[in-house]
Amino acid sequence: MKQLIELIAQSLVDHPEQVSIHERVTEQAIIYELTVANEDKGKVIGKQGRVVKAVRSVVGAAAVKENKRVMIEIV
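Because the structure is predicted, anything quoted here is derived from the model rather than measured. (Residues numbered from 1 in each chain as written. Predicted model: local features only at pLDDT ≥ 70, side-chain atom pairs only at ≥ 80, totals over all residues. Heavy atoms only, no water.)

Draft legend 1. View of unusual backbone geometry. At Q48, a position not held by glycine, the phi torsion is positive, near 55°. The class of Q48 is exposed, set by a relative accessible area of 68%. Of note in the backbone geometry, N67 takes a positive phi value of approximately 55° without being a glycine. With respect to the element layout, N67 can be found in the loop between α3 (50-65) and β3 (70-74). (Buried < 20%, exposed > 50% of the residue type's maximum accessible area, 1.4 Å probe, protein only. Helix = DSSP H or I, 4+ residues; strand = E, 2+ residues; numbered from the N terminus.)

Draft legend 2. Inspection of the pattern of salt bridges at higher detail. Considering all chains together, one arrives at four salt bridges under this definition. For the salt bridge of D14 with K43, the shortest nitrogen-to-oxygen distance reads 2.2 Å. One end of the pair, D14, is in the loop between α1 (2-12) and β1 (20-25); the other, K43, is in helix α2 (residues 41-45), and 29 residues separate them in sequence. Note on D14: relative accessible area 51%, which makes it exposed. Using a relative accessible area of 36% as the deciding quantity, one classes K43 as partly exposed. (Salt bridge = Lys/Arg side-chain N within 4 Å of Asp/Glu carboxyl O.)

Draft legend 3. Spatial organisation of the pairing of β1. Inspection of the sheet shows β1 paired to strand β2 (residues 30-35) by six bridges, in the antiparallel sense. The residue of β2 that forms the bridge with S20 is T35. Linking β1 to β2, which pair antiparallel, is a turn of four residues. (Pairing = 2+ DSSP bridges.)

Draft legend 4. Just α3, in detail. Between its first and last C-alpha, α3 extends 23 Å over 16 residues, near the 22 Å set by a 1.5 Å rise per residue. For α3, the set of buried residues is V52, V55, V59 and A63. All buried residues of α3 fall inside an arc of 75° around its axis, so they share one side. Turned more than 90 degrees away from the buried face of α3, the exposed residues are R50, K53, S57, V64 and K65. In this fold, the buried residues of α3 make contact with α1, α2 and β3. Positive phi appears at N67, one or two residues downstream of α3, with a value of about 55°. (Expected span 1.5 Å × (residues − 1). Arc of directions from axis to C-beta. Contact = heavy atoms within 4.5 Å.)

Encoded structure:
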């Protein structure tokens, strides 16, 4: 799951070397904190949050196969 998020994020940004993901596991879900360069935050979020919603949908679909609940936060 982490590799999928990292692959998608690196393909969207201008500085892929600055993409990092931190994983937190709680009782209800797995939370991935995505950190990118300040200049790239707009590219990851997209207009009205459309890009990040699409990424969340793709990751959510992959998580359903593993019976997990996944959340993505942009830090």
